[in-house]
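# Structure assessment
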Amino acid sequence: MPVSEPLSTHEIQAAAARIAGVAVHTPLLRCDALDTATGGRIFLKPECLQVTGSFKFRGAYNRLAAMAPGAREAGVVAFSSGNHAQGVARAARLLGMPCAIVMPSDAPPLKIERTRADGAEIILYDRLREDRAKIAAGIAAARGATVVPSFDDRHVAAGQGTAGLEAAADLARLGLVADVALICCGGGGLASGFAVGSGIRTITVEPDGYDDVAISLARGEIVPVKNPGPTRCDALQTLRMGDLTFATLHALGVQGVSVSEAEVARAMAFAFVELKLVVEPGGAVALAAALTGRVDLAGRTAVVMLSGGNVEPAVLAACLAEAG
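Every value quoted in this text rests on a predicted model; they were computed, and no experiment measured them. (Residues numbered from 1 in each chain as written. Predicted model: local features only at pLDDT ≥ 70, side-chain atom pairs only at ≥ 80, totals over all residues. Heavy atoms only, no water.)

Of all hydrophobic cores here, the largest spans 61 residues; its most connected members are Leu182, Phe194 and Leu287. No other element matches helix α12 (residues 261-275), which puts seven residues into this core. Excluding residues within four positions of it along the chain, Phe194 makes contact with Gly161, Ala163, Gly164, Ala167, Ala181, Ile183, Gly199, Ile200, Thr202, Val303 and Met305. (Core = buried A, V, L, I, M, F, W, Y, C linked by side-chain atoms within 4.5 Å. Buried < 20%, exposed > 50% of the residue type's maximum accessible area, 1.4 Å probe, protein only. Helix = DSSP H or I, 4+ residues; strand = E, 2+ residues; numbered from the N terminus. Contact = heavy atoms within 4.5 Å.)

For the rest of this paragraph, the subject is the pairing of strand β7 (residues 202-207). Burial of β7 is extensive: six of the six residues sit out of reach of the surface. Both faces of β7 are covered, namely the face carrying Thr202, Thr204 and Glu206 and the face carrying Ile203, Val205 and Pro207. Examined bridge by bridge, strand β6 (residues 180-184) and β7 share four bridges and lie parallel to one another. Each bridged residue has a counterpart across the sheet, and for Leu182 the counterpart in β7 is Ile203. Regarding the hand of the β-α-β motif, the stretch spanning β6, helix α9 (residues 189-198) and β7 is right-handed. Here β7 runs beside strand β8 (residues 255-259); their pairing, made up of five bridges, is parallel. Paired with Val205 across the bridge in β8 is Val257. (Pairing = 2+ DSSP bridges. Right-handed = clockwise from strand over helix to strand, strands pointing away.)

A few words on the sheet that holds strand β4 (residues 121-125). Spatially, β4-β3-β2-β5 is the arrangement adopted by the four strands of the open sheet, whose pairing is parallel. Whereas interior strands pair on both sides, the edge strands pair on one side only; in this sheet they are β4 and β5 (146-147). Here four bridges tie strand β2 (residues 76-79) to strand β3 (residues 99-104), and the two strands are oriented parallel to one another. Across the sheet, the residue bridging to Phe79 is Val102, located in β3. Sitting on the sheet, helix α5 (residues 83-95) is in contact with β2 and β3, with an inclination near 170° to β3. (Axes fitted to C-alpha atoms, helices over the stretch in contact; angles between N-to-C directions.)

With that settled, the discussion passes to the environment of Arg173. Its place among the elements puts Arg173 in helix α8 (residues 154-173). Here the side chain of Arg173 touches Asp170 through a polar contact of 2.2 Å, side chain to side chain. (Polar contact = N/O pair within 3.5 Å; in protein donor to acceptor, adjacent residues only side chain to side chain.)

This part covers the pairing of strand β9 (residues 301-306). Burial of β9 is extensive: six of the six residues sit out of reach of the surface. What you see with β9 is no split at all: Thr301, Val303 and Met305 on one side and Ala302, Val304 and Leu306 on the other are buried throughout. The pairing of strand β1 (residues 41-46) with β9 spans six bridges and is classified as parallel. Bridge pairing in β9 places Leu44 opposite Val304. Note: β6 against β9, three bridges, orientation parallel. Within β9, the residue paired with Val180 across the bridge is Ala302.

Shown next as structure tokens:
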């Protein structure tokens, strides 16, 4: 199926069958303090409790498990600042496949160490001077390996969509249907999959300056962002959304918002103090949008994604200190 064809529910259901018993079915969590702060009935989806600490394991395992035996022998290559890297490395280890990961030299040390610990070969590059996609393509061509994209891939996005299937099913067991879902967004793989898998009206949330998805969806065409500057949200430093993710989100009429670094820090502190959860900056943007009222949740039932928890202790400490 062409990459520009919107994702389908069938693809996500197939992914759910592949990852069953391997990925964690993360629960929906409630918090009275969050309901009070927003005026809504909020259900948190804590993918920070997922295998490797983020939702990325879902898509990575689905992509690798769908590969033919012959292709598996040659292994896989991926490029990522950390969470996709860890997901692919763990999936490759579980499936007995060789794995090489192209990572920026300034990626969080914790994410590099965790990726290497799962047996992946790490190739570091300079994100300002080198093209990670070209590096990965060169390695794959030399080895006959398969490149595993972080979001613009049908199997990867479908795997992420299993989080949406779970959320909708868990709400249905409570006799509820959500009015809206706030989903952390980089390239749009999680948002695309979640929107299709759950059937819930979805709003993407990005860091200020990296809101290419929100801008693209508003204009009706893919619009990259340029030179957005530094951000603690390393997991969401995507400059251009993919053809698949645009086609899927645009077809569903999804809209997006963005949040500031200070708002992200306050959301991380809220998660730590009120929920007793460690959430990384990129994983806290949806919660930040809820807490700030960027999306009005008063009187509404909402799902809010906590997409990952892989954060350096020093970064977490700094965010907690800033938030007071």
